[in-house]
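What follows is each chain in one-letter form.
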Amino acid sequence: MADPRRVEFGDFLRSRREKLSPKTVGLPIGLRRRTVGLRREEVAQLAGIGVDWYIRLEQGRTVSPSVTTVDALARALRLSKTEHAHLKALARDGDRRVFTRETVPPPIQRLVESLPHPAYITGRRWDVLAWNEAAEQVFAFGRLPEQDRNTMLLMMTNKQTRKAYGAGWADVAKRMVAMFRATHDVWAGDPAFAELLTRLRQGSPEFVKWWEAHEVRGTSSGLKTMSHPTLGVLHFEHTSFQANDDPALKLVVYTPVKGGGRQTGQASASER
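Residues numbered from 1 in each chain as written. Predicted model: local features only at pLDDT ≥ 70, side-chain atom pairs only at ≥ 80, totals over all residues. Heavy atoms only, no water.

Enquirer: It is not clear to me how the nonpolar core should be interpreted in this structure. Could you clarify?
Expert: One recurring pattern in soluble globular proteins: nonpolar side chains tend to sit buried together. Membership of the largest hydrophobic core comes to 25 residues, with the highest contact counts inside it found for Phe9, Leu13, Ile49, Tyr54, Leu57, Leu73 and Leu87. Elements with a contribution of two residues or more to this core: helix H1 (4–19), helix H2 (40–47), helix H3 (51–58), helix H4 (67–76) and helix H5 (81–91). If one sorts the elements of this core by residue count, H4 sits on top with 5 residues. (Core = buried A, V, L, I, M, F, W, Y, C linked by side-chain atoms within 4.5 Å. Buried < 20%, exposed > 50% of the residue type's maximum accessible area, 1.4 Å probe, protein only. Helix = DSSP H or I, 4+ residues; strand = E, 2+ residues; numbered from the N terminus.)

Enquirer: Even after reading the chapter, I still don't get the packing of H1 against helix H10 (residues 169–185), so can you show me in this structure?
Expert: The description of two helices packed together rests on the angle between their axes and the distance between the axes. Two numbers describe how H1 lies on H10: the axes approach to 10 Å, and their chain directions differ by 140°. Here H10 runs oblique to H1, going by the angle between their axes. Here Arg5, Glu8 and Asp11 of H1 lie close against H10, whose contacting residues are Arg181, His184 and Asp185. Class assignment for the residues of the contact of H1 with H10 results in no nonpolar, 1 polar and 5 charged. (Axes fitted to C-alpha atoms, helices over the stretch in contact; angles between N-to-C directions. Parallel < 35°, antiparallel > 145°, perpendicular 65-115°, else oblique. Contact = heavy atoms within 4.5 Å. Nonpolar A, V, L, I, M, F, W, Y, C, P; charged D, E, K, R; others polar.)

Enquirer: Would you take a moment to explain the pairing of strand E4 (residues 232–242) for this structure?
Expert: Consecutive side chains of a regular strand alternate in pointing toward one face of the sheet and then the other. For strand E3 (residues 222–228) and E4, the ladder comprises 7 bridges, and the chain directions are antiparallel. Within the sheet, the bridge partner assigned to Gly222 lies in E4 and is His238. In sequence, E3 turns back onto E4 through a hairpin of 3 residues. By the bridge criterion, 7 bridges tie E4 to strand E5 (residues 250–256) in an arrangement that is antiparallel. Note on E5: the bridge partner recorded for Thr239 is Val253. (Pairing = 2+ DSSP bridges.)

Enquirer: So what exactly am I meant to see when it comes to the packing of aromatic side chains here?
Expert: Tallying each qualifying case throughout the model produces 14 aromatic pairs. For the pair Phe139 and Phe141, a centre-to-centre distance of 4.8 Å together with 15° between the ring planes defines the contact as stacked. On the basis of relative accessibility, which here comes to 14%, the residue Phe139 falls in the buried class. An aromatic cluster of three or more residues is present, and its members are Phe99, Trp126, Phe180, Trp187, Phe193, Phe207 and Trp211. (Phe/Tyr/Trp six-rings, centres within 6.5 Å; stacked < 30°, edge-to-face > 60°.)

Enquirer: Where do I start with the sheet that holds E3 in this structure?
Expert: Strand-to-strand pairing in sheets goes through backbone hydrogen bonds, with the strands running parallel or antiparallel. Strand order in this open sheet of 5 strands is E2-E1-E5-E4-E3, and the pairing throughout is antiparallel. Two strands in the sheet have a free side with no partner beyond their single neighbour: strand E2 (128–131) and E3. The sheet shows a mean angle of 30° between the axes of neighbouring strands, taken without regard to direction. Where strand E1 (residues 119–122) meets E5, 4 bridges bridge the pair, whose relative direction is antiparallel. For Ala119, the partnering residue across the bridge sits in E5 and is Val253. Lying over the sheet, helix H6 (residues 106–114) contacts E1, E2 and E5, oriented at roughly 150° with respect to E1.

Enquirer: In this structure, what is going on with the domain arrangement of the protein? I would like to understand it.
Expert: When the parts of a complex come together, some accessible area is lost, and that lost area is often taken as the interface size. Here the protein is described as being made up of domain 1 (4–91) and domain 2 (106–256). Listed by partner, the interface residues are 13 residues for domain 1 and 13 residues for domain 2. Carbon and sulfur atoms make up 56% of the area that domain 1 and domain 2 hide from each other, which totals about 1000 Å². Connecting domain 1 to domain 2 are 3 salt bridges. At the surface where domain 1 touches domain 2, the tally comes to 8 residue pairs in polar contact (both at pLDDT 80 or more). Residue assignment for the side of domain 1 that touches domain 2 shows that the elements contributing at least two residues are H1 and H5. A per-element tally of the side of domain 1 that touches domain 2 places H1 first, with 8 residues. In the side of domain 1 that touches domain 2, the residues fall into 4 nonpolar, 3 polar and 6 charged. (Domains from an automatic or database assignment. Buried area = accessible area lost by both parts, 1.4 Å probe. Salt bridge = Lys/Arg side-chain N within 4 Å of Asp/Glu carboxyl O. Polar contact = N/O pair within 3.5 Å; in protein donor to acceptor, adjacent residues only side chain to side chain.)

Enquirer: Explain the pattern of salt bridges here, please?
Expert: If charged atoms from side chains of opposite charge come close, those side chains can pair. Counted under the stated rule, the structure contains 19 salt bridges. The residue Glu58 makes a salt bridge to Arg40 at a minimum N-O spacing of 3.1 Å. Separated by 18 residues along the polypeptide, Glu58 in helix H3 and Arg40 in helix H2 bring together distant segments of the chain. By relative accessible area, which is 7% here, Glu58 ends up buried. For Arg40, a relative accessible area of 29% puts it in the partly exposed group. Note that Arg181 and Asp185 form a salt bridge whose closest N and O atoms lie 2.9 Å from each other.

And the structure:
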């Protein structure tokens, strides 16, 4: 069977190829162009590799492109730094161990609980593993079944989260899908990630549309606004930190900003 990571590698190449126009890369459009975006042979030409070799890569065959080849493809396809890094990650022979849910060390657990503002810990699959009282006031993680404590599920399939974001939900959710795409692809084929992906596909038609676009984004700090049924309209600056104890763990903190309503235990809808 094909390596799922190689399949994602090929799908990502195809998606980027289809988004480029010949004009963008200095190629003639031609009179009978039926291909969306660039042709495969055009990408191969721009990257300086054989057409058959490129076709094998895009088809997800079990081949291992060199760093030089990956860099050449990134230049040919005009990839951003984030996209280039994603392509490199998919090309590497990664850890083939089956995913297991992480455990939060007691010192990190106590740190989260001591923070005055909403904070929680996520793992590689974006499961919520630990949180403080301020986060509980808004997210009510403790009331959710363990299998539902996942920031992607909350954003894409939870009606309360969608209502909290109102008109801004689509923009935030779409960005999250692109960030999760970068995480998922390096775990493609893993049963735990496959199960989560199935739930997301079944629970959100928007997720299906955005997922097929194969956009990738890196995580970043930013501002978020939500409407809470009892706390009112809240504004937060969110940021995340990676744990030295276990790089798979990330601490996410929401800091109230001016105009953010009540300054007690407040939070915005979740993002890893």
